[in-house]
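Each chain is listed here by its residues.
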Amino acid sequence: MSLLRYRSEIIKFKEMNFTLKIWRQENARAKGRFETYQLQDISPDCSFLEMLDILNQQLIDKFEKPVCFDHDCREGICGACGLYINGRPHGPDKGITTCQLHMRKFKDGDTIVVEPWRAKPFPVIKDLVVDRSAFDKIIQAGGFISVNTGGVPDANTIPVPRKNADIAMDAAACIGCGACVAACKNASAMLFVAAKVSQFAMLPQGQVEAKERVLKMVQKMDELGFGNCTNTGACEAECPKEISLSHIARMNREYFSATFNA
Amino acid sequence: MSNIFTSSIGKKLMMSLAGLFLLAFLLLHLAINITLILYKDTETFNRAATFMGTNPVIKVMEVILFGGFLLHMVYGAVLQVGNLMARPKGYKKANYSQTSFFSKYMLHTALIITIFLVLHLFDFWVKNKFLGSVHEITYADGETYHNLGALVLERFKIGWVVVVYVVLLLGLGFHLHHGFQSAFQTLGINHKSYTPVIKTLGVLYSVVVTTGYISIPVYIYFFK
């Protein structure tokens, strides 16, 4: 056996077969239903979204409508993709987005149930695509600082303790994908709002509007119809950026301080 | 300020403060009840129970206690309704994210506790206060007390009453297991070093309090 052939024998992967149960919904007003698809010969190194691409190509070849799903960067930083896979947002792995999930995380012959995020403020637009503009509205309510940026300031003009900078950076890692809402049994958005409040609360630039910010963002979150946090921790467990529950405690402190020191 | 009664975080604050108050009450209640099995007769229990039933300060506290229960239950119900409305259509595949087990069943255990509360209040509080089921007893010092201890011993000699109490008290234990640490998180107390201590204290509290309460009917049934 030649070396080349020997190598090709070794690296030959075992292709996998799956049964997919996917939520299909024509539009926001349609009723929607689960459709079952059989998919053969999928590489274990295929990403979940690539697997859906293969399925869609097969559907297009059969003149059927492809499955709609959100995606953009496909490298885990944009927060666009987000599917509820077998009972977990972003599927069976920790600290990843759906695009970073690979088919090797499943077993050959598995049935995979794929659903959209389910929450009243995240209505389904089509198939697996939901409208997450509720998060934008929360940000618009106070998730910003009102200063003219001007020129680039000199480094270290505003001293920030290293510890605070680290906490702010951890909070700012939130990509707003909505997995926290999807995972929460109450469809609460508190981890998202807490991350956005925290990233400013830890920095001097965020202090000027701190009180107003937390009150307005929480008010908007409540108005939009998100549920209430029961400190279950599903959000923290499923967050692709592993945002900690400690940010929710910080948001609560900020909220109490803004309310009682008004 | 009014937002503290209407916003999600404000309502959670009310829940947690009322919850912590109820946690303190449970300890006091247990301290009195446990005298039933620590002492041979019911004299200590009857003296304590009569003090709790007649002392003016405690009478005010009784009203505050009912208020605490009511606040915790009403805000809990309001928050729960909001939670149900936030997800009108559920998932086909049940969520199995890595979370603390008991936190998922706070509503269920809350309903168990409500059933327990109704049964328990009728069993002793209503019978003592309104139905005149408790007779008086005079001890060596010449003072007269309500013989509530006799009623407790009588009730816990009935097998099914003991079984119902044990089962419902387990529900209370599961509720406390998550409730203790959850109250601190809601108050904004989350710290790298102290949160694990609070969580351990919560487990200890729930185990000690539940075991303590369960031991009373069980001990009375078998050994009194």
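Residues numbered from 1 in each chain as written. Chains lettered and ligands numbered in written order. Predicted model: local features only at pLDDT ≥ 70, side-chain atom pairs only at ≥ 80, totals over all residues. Heavy atoms only, no water.

Asker: Any details on the overall build of chain A? Residues and values, ideally.
Answerer: Scanning chain A from terminus to terminus reveals nine helices and seven strands. Along the first, second and third principal axes, the C-alpha set of chain A runs to 75 × 50 × 35 Å. A total of 262 residues make up chain A; the buried ones form 50% of that total. Summarising the internal contacts of chain A: among those between residues at least 6 apart in sequence, 69% fall at separations of at least 24. As displayed, chain A offers around 12700 Å² of accessible surface, 52% of which is attributable to carbon and sulfur atoms. Of the charged side chains in chain A, 33 are positive and 31 negative, and the gap between their average positions amounts to 3 Å. (Helix = DSSP H or I, 4+ residues; strand = E, 2+ residues; numbered from the N terminus. Buried < 20%, exposed > 50% of the residue type's maximum accessible area, 1.4 Å probe, protein only. Contact = heavy atoms within 4.5 Å. Areas by Shrake-Rupley, 256 points an atom, 1.4 Å probe, with all protein chains shown as cover. Lys, Arg positive; Asp, Glu negative; His and termini not counted. Charge placed at Lys NZ, Arg CZ, Asp CG, Glu CD.)

Asker: Would you mind going over the sheet that holds strand β5 (residues 111–115) of chain A in detail, with residue names and values included?
Answerer: Residues and elements named next belong to chain A. Read across the sheet, five strands follow the order β2-β1-β5-β3-β4 without closing on themselves; strand pairing throughout is mixed. Two strands close off the open sheet at either side, each with one partner strand: β2 (33–42) and β4 (88–89). With two bridges joining them, strand β3 (residues 84–85) and β4 adopt antiparallel strand pairing. Within the sheet, the bridge partner assigned to Tyr84 lies in β4 and is Pro89. Against the sheet, helix α2 (residues 48–61) makes contact with β1 (16–24), β2, β3 and β5, and its axis sits at roughly 100 degrees relative to β2, the strand it touches most. (Pairing = 2+ DSSP bridges. Axes fitted to C-alpha atoms, helices over the stretch in contact; angles between N-to-C directions.)

Asker: I'd love a proper account of the domain arrangement of chain A, names of residues and values included.
Answerer: Residues and elements named next belong to chain A. Once the domains are mapped, chain A shows domain 1 (8–126) and domain 2 (133–146 + 157–260). Listed as interface residues are 18 residues of domain 1 and, on the opposing side, 20 residues of domain 2. When domain 1 packs against domain 2, close to 1400 Å² is buried across both sides, 58% of that on carbon and sulfur atoms. Considering only the side of domain 1, the residues that lose the most area to domain 2 are Pro89, Pro121 and Phe122, jointly responsible for 33% of the buried surface there. (Domains from an automatic or database assignment. Buried area = accessible area lost by both parts, 1.4 Å probe.)

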